[in-house]
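Residues per chain, in single letters:
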Amino acid sequence: MSSFERLMINRMDTFADNHRNLYEMCESKFNNMDTRFSTLDEQIEEVQRQILELQFEREDSPSF
């Protein structure tokens, strides 16, 4: 194998490694964002449920 071929193979290996690292970093970031959005969605649903409960309690309580 010539030195040029070795150089090109090394460059391609480096490119592939960089591409793989970037892919894994992006995948990790998107998974983290997805988890955070899911948690936020659950918290919003809980707050909405509590607001509805408070509204029903207010409607059911006798007014003076």
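Conventions and cut-offs
Residues numbered from 1 in each chain as written. Predicted model: local features only at pLDDT ≥ 70, side-chain atom pairs only at ≥ 80, totals over all residues. Heavy atoms only, no water. Helix = DSSP H or I, 4+ residues; strand = E, 2+ residues; numbered from the N terminus. Rg over C-alpha atoms; globule rule 2.2 N^0.38 Å. Buried < 20%, exposed > 50% of the residue type's maximum accessible area, 1.4 Å probe, protein only. Areas by Shrake-Rupley, 256 points an atom, 1.4 Å probe, with all protein chains shown as cover. Lys, Arg positive; Asp, Glu negative; His and termini not counted. Charge placed at Lys NZ, Arg CZ, Asp CG, Glu CD. Salt bridge = Lys/Arg side-chain N within 4 Å of Asp/Glu carboxyl O.

## Things to note about the overall build of the protein
Point 1. In terms of helices and strands, the protein carries one helix and zero strands.
Point 2. Against the globule reference of 11 Å for 64 residues, the protein gives a C-alpha radius of gyration of 28 Å, more extended than a compact globule.
Point 3. The principal-axis extent of the C-alpha atoms belonging to the protein is close to 95 × 10 × 5 Å.
Point 4. Taken over 64 residues, the protein has a buried fraction of 0%.
Point 5. For the protein, the accessible area works out to roughly 6,500 Å², and carbon and sulfur atoms hold 57% of it.
Point 6. Computed over 7 positive and 14 negative side-chain charges, the inter-centroid distance for the protein is 13 Å.

## A few points about the pattern of salt bridges
Point 1. Enumeration over the complete set of coordinates arrives at three salt bridges.
Point 2. For Glu46, the salt bridge is made with Arg49, and the minimal N-O distance between the two is 2.4 Å. In this pair, Glu46 and Arg49 both sit in helix 1 (residues 3-60), three residues apart, roughly one turn of the helix.
Point 3. Judged by its relative accessible area of 32%, Glu46 falls in the partly exposed class.
Point 4. Among the salt bridges present, the one from Arg49 reaches Glu53, with a minimum N-O distance of 2.2 Å.

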